Amino acid sequence: MPETILELNELHTHFFTDNGEIPAVDGVSLSVNKGEVVGIVGESGCGKSVTSLSIMQLIPQPPGKIVSGEINFKGENLANSSNKRMKQIRGNEISMIFQEPMTSLDPLFTIGNQLREAIQLHNKMSKKEASDRALDMLEMVGIPRPKEVLSEYPHQLSGGMRQRVMIAMAMSCDPEILIADEPTTALDVTIQAQILDLMKKLNQEKDTAIMLITHDLGVVAEICDRVVVMYSGQVVEEGTTREILKDPKHPYSQGLIKSLPKIHEREQKLYSIPGTVPKPKMGVKGCRFAQRCPMAFERCFQEDPELYPLENNRRSRCFLYDDAKREVTENANADIRS
Amino acid sequence: MQTPILEVNGLKKYFDIRGGVFGRKVGEVKAVDDVSFTVMEGEILGIVGESGCGKSTTGKSILRLIEPTEGKVKFQDKDITELSDEEMRQLRRNMQIIFQDPYASLNPRHTVEKIISEPLLIHGLTDKNERKKRVTELLEIVGLSGYHASRYPHQFSGGQRQRVGIARALANNPKLLICDEPVSALDVSVQSQILNLMEELRDEFNLTYVFIAHDLSVVKHISDRIGVMYLGRMVELTEKNKLYDNPKHPYTKALLSAIPLPDPDIEKERMILEGDVPSPANPPSGCAFHTRCPLAMEVCKEVRPQFNEIEDNHFVACHLYE
């Protein structure tokens with residue numbers, strides 16, 4: 001049994017705005033095991049970034065607030081942790097990299113300076129030792145001429161190089177988990193391939209678990225072991241990468257995969273999910289996807305589906321997989337077909 | 001044989017870099033450096049490349065939204081680089097553009113009706129009621145409804161805004177549409193709706209598209225022929241299936257192998273390129289790709305390869321095939 005290091009339990013993060021309360025994360029439960037790469041996929045506004053920011057307690061407060069739920073990191077509930085304790089954890093045991101590396105590096109300080117800051121904050125080291133460590137990190141992430149880069153400023157580096165520096169910084173204290181929020185979205189495909197390769201290498205060599213947040217199912221297939229699909233603030237499906245991509249169970253995951261243009265197939269018309277992603281609202285009754293779902297039946301509009309367990313530790317939030325009702329739905333399916 | 005609707009010949013666009021106390025010219029960015037291609041009537045030509053390769057500049061130069069430095073652009077056998085501004089304005093009725101960001105390309109202070117009717121007014125549809133009728137018609141063509149006309153852009157989602165942008169481009173029954181990354185700002189489920197819409201419109205109105213994008217699977221889906229650009233130059237141009245099944249240029253090969261595929265069963269040869277795209281202000285000598293090319297030879301550093309037709313309808317600029 002693999003060791004679970006991070007577990008979210010019914011996490012609710014809401015934003016309190018002038019237009020009312022918005023449940024951006026609405027009861028998310030998921031877990032990350034040691035050394036595992038977990039992908040969180042979903043379209044914009046599904047709550048994947050807010051979930052990761054909640055783990056790090058980086059939600060601006062107000063307007064955001066973790067209303068309820070647990071974030072268990074090695075037996076400690078981070079949702080109740082003090083600011084002081086979070087400062088020890090951030091960048092040391094859990095670190096994070098973001099989509100746009102330029103906005104997460106300080107343009108006024110050299111790369112060396114910023115790397116040393118992270119290292120010295122969590123380790124008792126002299127400036128010299130920290131510099132050596134910084135140099136090692138830059139070499140590890142494959143930066144050419146690392147010695148010179150230490151004394152350069154972020155604007156002197158390209159996008160791909162900046163993202164490497166961010167990864168070096170995030171890995172400098174050997175974290176247990178690296179949370180990567182769309183790390184390659186701003187990069188070109190050839191550079192994206194380099195960065196994904198690097199992340200895979202770090203995961204294998206250092207046994208660091210990675211929680212990868214992305215909207216790109218191709219990236220997921222490339223490096224993830226397990227995938228969590230989110231829709232409108234909820235987890236709708238969970239399974240191994242192969243299972244989700246080859247045999248998606250939830251109608252939303254099915255639609256999402258079908259609507260991707262495939263490079264190796266010749267097809268005429270793309271499948272598309274009708275309508276658009278709904279904005280999260282309080283007090284929505286029924287399944288969030290029901291309005292756009294081709295299989296929806298009466299119950300979907302009236303009750304909230306749970307995450308029903310399936311074989312191989314898979315889970316799917318759809319009444320089609322509610323055992324007691326399976327018979328009914330089979331009839332409903334037959335109706336749709338006929 | 002189809003007739004060519006657009007011929008681009010030796011198109012160049014250099015942007016000056018100015019510096020120093022007197023703002024003298026200190027260099028130039030060769031955004032587009034000698035690009036030639038032909039687009040047939042009713043065809044969809046895809047142009048792919050990484051950021052900074054000059055694909056958008058190419059698109060805008062065709063419409064003379066950016067004045068090209070050198071080269072000829074022939075639209076329906078007329079050289080448009082020599083037209084006066086007034087003649088060009090007349091001609092733009094036939095050549096329209098759809099932009100990437102539907103948030104930035106619609107005026108937030110105008111209603112959708114005003115946005116769509118503006119090109120109609122400019123090109124001489126002065127009757128107010130006729131314009132109104134045409135706006136409703138256009139909205140229905142792109143899958144919206146007449147009552148949307150009185151709304152403002154912020155009341156629409158990204159996909160709906162892109163539909164408004166398409167309706168505006170279609171207003172004067174153009175023949176050629178330049179689509180500059182029309183779906184890159186959209187979510188996957190909405191992206192497929194817009195791609196389908198664009199294909200339907202092409203069939204319905206016999207449109208010709210130049211489809212610029214960085215996403216290879218999207219371009220593969222929609223295009224008939226595809227051109228690959230690198231650092232301001234076209235490196236390969238051929239029919240889509242030939243390009244994907246049998247890429248010739250090493251850059252095309254690398255680009256194709258770098259796409260992450262959402263299918264765990266496809267085993268592919270990974271060819272990861274080293275380094276970054278060089279700066280177009282200071283491009284490498286000879287073949288622009290030789291600094292990253294795994295197959296580079298001596299000659300690649302010195303001589304710029306010609307863009308030759310090595311097989312029927314398959315153009316490549318690489319010394320390996322000379």
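Here the structure is a predicted model, which is why all the values come from computation and not from measurement.

Chemist: Which residues make up the packing of helix 3 (residues 112-122) of chain B against helix 5 (residues 158-170) of chain B, and what values do they have?
Modeler: Residue and element names in this part refer to chain B. At their nearest, the axes of helix 3 and helix 5 sit 7 Å apart, and the two run at 25 degrees to each other. One element, helix 3, and the other, helix 5, form an angle in the roughly parallel class. Helix 3 and helix 5 meet at a crossing whose hand is right-handed. Here Val112, Ile115, Ile116 and Pro119 of helix 3 lie close against helix 5, whose contacting residues are Val164, Ala167 and Arg168.

Chemist: Can you explain the sheet that holds strand 4 (residues 64-73) of chain A? Please cite residues and give values.
Modeler: All names here are of chain A. Across the sheet, which stays open at both edges, the four strands sit in the order 2-1-4-5 with antiparallel pairing between neighbours. Single-partner strands in this sheet number two, and they are strand 2 (20-33) and strand 5 (76-77). Where strand 4 meets strand 5, two bridges bridge the pair, whose relative direction is antiparallel. Among the inter-strand pairings, phenylalanine 73 is bridged to a residue of strand 5, identified as glutamate 76. Seen against the sheet, helix 1 (residues 48-55) touches strand 1 (4-17), strand 2 and strand 4 and runs at an angle of roughly 70 degrees to strand 2.

Chemist: Quick rundown of the environment of B:Lys13? Include the residues and the values.
Modeler: Residue and element names in this part refer to chain B. Checked against the element boundaries, lysine 13 lands in strand 1 (residues 4-19). On the basis of neighbour counts, which here come to 23 C-beta atoms within 10 Å, the residue lysine 13 falls in the buried class. Considering only alpha carbons, one finds lysine 13 and aspartate 180, 167 residues apart in sequence, at a separation of 17 Å. The residues contacting lysine 13, other than those within four sequence positions of it, are Ala31, Val32, Thr57, Ser61, Ile66, Pro68 and Thr69.

Chemist: Before we move on, can you summarise helix 4 (residues 111-122) of chain A with the specific residues and values?
Modeler: Residue and element names in this part refer to chain A. Helix length check: helix 4, at twelve residues, gives a terminal C-alpha distance of 18 Å against a target of 16 Å (1.5 Å per residue), a fit within 8%. Within the span of helix 4, buried status applies to Ile111, Gln114, Leu115, Arg116, Ala118 and Ile119. On its buried side, helix 4 packs onto helix 5 (127-140), helix 6 (146-150) and helix 7 (159-171).

Chemist: Could you give an account of the UniProt feature "domain: ABC transporter" (unreviewed entry) in chain B, with specific residues and numbers?
Modeler: Under the feature "domain: ABC transporter" (unreviewed entry), the UniProt entry names residues 6-256 of chain B. Segment residues 6-256 of chain B splits into 36% helix and 29% strand. End C-alpha atoms: 27 Å apart.

Chemist: Summarise unusual backbone geometry; cite the residues concerned and give the values.
Modeler: In this model, A:Gln61 is joined to A:Pro62 through a cis peptide bond whose omega is -10 degrees. The residue A:Pro62 is located in the loop between helix 1 and strand 4 in this model. Although it is not a glycine, B:Arg64 adopts a positive phi angle of roughly 55 degrees. Take B:Arg64: it is sitting in the loop between helix 1 (55-62) and strand 4 (70-75). Using a count of 17 C-beta atoms within 10 Å as the deciding quantity, one classes B:Arg64 as partly exposed.

Chemist: Break down the pairing of strand 10 (residues 233-239) of chain B for me, with residues and values.
Modeler: All names here are of chain B. Within strand 10, six of the seven residues are buried, which leaves it mostly tucked inside the rest of the structure. With six bridges connecting them, strand 9 (residues 225-230) and strand 10 associate as antiparallel partners. If you follow methionine 229 over to strand 10, its bridge partner there is methionine 234. In sequence, strand 9 turns back onto strand 10 through a hairpin of two residues, with leucine 231 there showing a positive phi of about 50 degrees. Across two bridges, strand 10 lies against strand 12 (residues 314-316) in antiparallel orientation. Counterpart to leucine 237 in the pairing with strand 12 is phenylalanine 315.

Calculation notes
Residues numbered from 1 in each chain as written. Chains lettered and ligands numbered in written order. Predicted model: local features only at pLDDT ≥ 70, side-chain atom pairs only at ≥ 80, totals over all residues. Axes fitted to C-alpha atoms, helices over the stretch in contact; angles between N-to-C directions. Helix = DSSP H or I, 4+ residues; strand = E, 2+ residues; numbered from the N terminus. Parallel < 35°, antiparallel > 145°, perpendicular 65-115°, else oblique. Left-handed = near helix turned anticlockwise from the far one by under 90°. Contact = placed C-beta atoms within 7 Å. Pairing = 2+ DSSP bridges. Buried ≥ 20, exposed ≤ 12 C-beta atoms within 10 Å, placed from the backbone. Expected span 1.5 Å × (residues − 1). UniProt positions renumbered as here; feature names shortened; annotations may be inferred.

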